[in-house]
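Examining the three-dimensional arrangement
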Amino acid sequence: TLALVFRDFIIRQQCQSVLGLLEKKEYTEAKETLSLLRDLSPHNKFLIQLYRFTRYLLVKNRLELSTQQTIRTFNELNNN
């Protein structure tokens, strides 16, 4: 029982850290931390949802960066 209480304490503490990482847009580190937390509690619905949301933000961010790079390259080619 004590181990489960400690596990839940660690998860709550680290979720605060993950939310801070998401706020700073450090999506990769947040995803890695959540992966470790999910190893501790694989059926925790909150961790599953937060992990999925973090993956969504990570993919969205990568797509935005890729789109910006494509537009920049296109504009450079048009200017030459």
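Structure: above.
Considerations on the packing of helix α2 (residues 27-40) against helix α3 (residues 45-79)
- Two numbers describe how α2 lies on α3: the axes approach to 9 Å, and their chain directions differ by 155 degrees. As summarised for this structure, α2 and α3 are arranged roughly antiparallel, according to the angle between their axes. Remark: the crossing between α2 and α3 carries left-handed chirality. Contacts between α2 and α3 involve Tyr27, Thr28, Ala30, Lys31, Leu34, Ser35, Leu37 and Arg38 on the former and, on the latter, Leu47, Ile48, Leu50, Tyr51, Thr54, Arg55, Leu57, Leu58, Asn61 and Arg62.
- Among the residues forming the contact of α2 with α3, the class breakdown is 10 nonpolar, 4 polar and 4 charged.

About the cut-offs
- Residues numbered from 1 in each chain as written.
- Predicted model: local features only at pLDDT ≥ 70, side-chain atom pairs only at ≥ 80, totals over all residues.
- Heavy atoms only, no water.
- Axes fitted to C-alpha atoms, helices over the stretch in contact; angles between N-to-C directions.
- Helix = DSSP H or I, 4+ residues; strand = E, 2+ residues; numbered from the N terminus.
- Parallel < 35°, antiparallel > 145°, perpendicular 65-115°, else oblique.
- Left-handed = near helix turned anticlockwise from the far one by under 90°.
- Contact = heavy atoms within 4.5 Å.
- Nonpolar A, V, L, I, M, F, W, Y, C, P; charged D, E, K, R; others polar.

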